[in-house]
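As a plain string of letters, each chain reads:
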Amino acid sequence: MELLATDRHIAVVGLGSTGLSCVRHLTRRGRSFSVMDSRRTPPGLKELREINPDAPLHLGGFDKAMLDEADEIWLSPGVPLDHPDIRPYRDKPIRGDIDVFAREAKAPIVAITGSNGKSTVTTLVGEMAQAAGREVRVGGNLGIPALDLLDERADLYVLEVSSFQLETTYQLGAEVATILNLSQDHMDRYPDMLAYHRAKLRVFANCRHAVLNRDDMLAQPPMAEGLSHTWFTARAPGPGEYGLRQEGATTWICCGREALLDVSELRMAGMHNWLNALAALAIAARIQLPLADCLGVLRHFRGLAHRTEWLGQKHGVTYYNDSK
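What counts, and at which threshold
Residues numbered from 1 in each chain as written. Predicted model: local features only at pLDDT ≥ 70, side-chain atom pairs only at ≥ 80, totals over all residues. Heavy atoms only, no water. Helix = DSSP H or I, 4+ residues; strand = E, 2+ residues; numbered from the N terminus. Rg over C-alpha atoms; globule rule 2.2 N^0.38 Å. Buried < 20%, exposed > 50% of the residue type's maximum accessible area, 1.4 Å probe, protein only. Contact = heavy atoms within 4.5 Å. Areas by Shrake-Rupley, 256 points an atom, 1.4 Å probe, with all protein chains shown as cover. Lys, Arg positive; Asp, Glu negative; His and termini not counted. Charge placed at Lys NZ, Arg CZ, Asp CG, Glu CD. Pairing = 2+ DSSP bridges. Phe/Tyr/Trp six-rings, centres within 6.5 Å; stacked < 30°, edge-to-face > 60°. Lys NZ or Arg CZ within 6 Å of the ring centre and 35° of its normal. Core = buried A, V, L, I, M, F, W, Y, C linked by side-chain atoms within 4.5 Å.

### Quick notes on the overall build of the protein chain
Looking only at helices and strands, the protein chain features 10 helices and 16 strands. In summary, the protein chain has a C-alpha radius of gyration of 21 Å against a globular reference of 20 Å for 324 residues, a match within 12%. Over its C-alpha atoms, taken along the principal directions, the protein chain stretches across nearly 70 × 45 × 40 Å. In the protein chain, which comprises 324 residues, the proportion classed as buried is 54%. Contacts spanning at least 24 positions in sequence make up 55% of the contacts within the protein chain whose residues lie at least 6 apart. Of the roughly 15,100 Å² of accessible surface on the protein chain, 50% is carried by carbon and sulfur atoms. In the protein chain, 36 positive and 40 negative side-chain charges are present, and the distance between their average locations comes to 1 Å.

Set out below in structure tokens:
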């Protein structure tokens, strides 16, 4: 007889912030689980014992007996699917926290990934939603782990998702999904750029709408024209697209022919941040956030801490904190 979902024993592989969020989630639901980590003193060990002191725990490696016993494996993003101790269990369901989250979340999800800019865009969209009075929860790979965001009061989730998380995500079904850009990264994890690309493309699985970078073909899913989508670009935009238009010495953030904001009003510096602003506006339009609220956020957003973070002006000089 097939086990009911609530009867399945879970092996949580990897501790840290994601593993702890899995532990909290399973404990809240009274589920049977065990925990293992390759490190002897992983981060979060004290918190684990406070959350569930009776949870079976194995440290210093991945325990074969625990993996044999498990009906499902919840894999932390720091552990690859092809890890030699995990590979023999590929016939079992192996899930990540984003996949678990997506199946339980009752509110629409905005999923944001990319090689660069995803934390900035995630934060921008979250602040735009807050300015509009939405019950938004923001996190994922940034800040609060996804499973800790689950809240019956939420009417919107904005998630930064990494390629590592997407490897074990099968039913994301985001309301809006985007790959902001794609460049060579994490080549210590992936055998080649194609494998990295494939992992990122999973963000579009069953999504209702995609926000796409017209200038980066690798950030576009196959058959993009058959998918409900909005383009953003560093060039002059077409109808319904978000882009940049030059008029004399002024560069405008535009939607189609409509000029929305002079880039000189932004505190964020650089073309990469102008593109982040365009992506955030395209996402915000899809989830029906008022334009005035979104432009207000863009005018006041200082940037993320230590990443070309606007500090202020003095004697005509603008100061930024780019210590990261």
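### As for unusual backbone geometry
Unlike most non-glycine residues, His 186 shows phi in positive territory, near 55 degrees. Looking at the element boundaries, His 186 is found in the loop between β9 (176–179) and α8 (193–201). Within the chain, Asn 206 stands out as a residue other than glycine whose phi angle is a positive 60 degrees. By the secondary structure assignment, Asn 206 is in the loop between α8 and β10 (210–213).

### Description of the sheet that holds strand β1 (residues 10–13)
Strands sit in the order β3-β2-β1-β4-β5 across an open sheet of 5 strands; the sheet is parallel. The open sheet has two free edges, formed respectively by β3 (57–59) and β5 (94–95), since each of these has just one partner strand. Strand direction decides the pairing type here: strand β4 (residues 72–75) and β5, joined by 2 bridges, are parallel. The residue bridging Trp 74 from the neighbouring strand is Arg 95, located in β5.

### Structural notes on the packing of aromatic side chains
A full pass over the atoms with the stated rule returns 3 aromatic pairs. Where Phe 164 meets Tyr 190, the ring centres are 6.1 Å apart and the plane angle is 50 degrees; that geometry is what we call tilted. Remark: Tyr 190 occurs in the loop between β9 and α8 and Phe 164 occurs in helix α7 (residues 163–166); sequence separation between them is 26 residues. Note on Tyr 190: relative accessible area 7%, which makes it buried. Measuring from ring centre to ring centre gives 5.5 Å for Tyr 190 and Tyr 196, while their planes differ by 45 degrees; the resulting arrangement is tilted. The two residues Tyr 190 and Tyr 196 agree in class, both being buried. Across the ring face of Phe 164, the terminal group of Arg 189 is positioned such that the distance to the ring centre comes to 3.9 Å. Sitting over the face of the ring of Trp 231, Arg 214 holds its NZ or CZ atom 4.3 Å from the ring centroid.

### Quick look at the nonpolar core
If you look at the biggest cluster of nonpolar residues, it comprises 45 residues, and the most contacted ones within it are Phe 33, Phe 101, Tyr 157, Leu 159, Leu 172, Val 203 and Phe 204. Once residues lying within four places of it in the same chain are set aside, the contact partners of Phe 33 are His 9, Ile 10, Val 12, Val 23, Leu 26, Thr 27, Asn 52, Ala 55 and Pro 56. Core analysis: the next-biggest nonpolar cluster, separate from the first, contains 40 residues, Val 158, Val 211, Ala 280 and Ile 283 among them.

### Some points on the environment of Ala 269
Among the secondary structure elements, Ala 269 is positioned in the loop between β14 (258–262) and α9 (271–286). Sequence separation of Ala 269 and Tyr 320 is 51 residues, and the distance between their C-alpha atoms is 8.9 Å.

### Topic: the pairing of strand β6 (residues 109–113)
For β6, the tally of buried residues reaches 5 of 5 residues, placing the bulk of the element in the interior. With burial as the criterion, each face of β6 is covered, one bearing Ile 109, Ala 111 and Thr 113 and the other bearing Val 110 and Ile 112. With 4 bridges joining them, β6 and β9 adopt parallel strand pairing. The partner of Thr 113 across the bridge, within β9, is Ile 179.

### Remarks on the environment of Asp 293
You can see Asp 293 is positioned in helix α10 (residues 291–300). With 146 residues separating them along the chain, Asp 293 and Leu 147 place their C-alpha atoms 28 Å apart. With residues near it in sequence (within four places) discarded, Asp 293 still touches Ala 131 and Ala 132.

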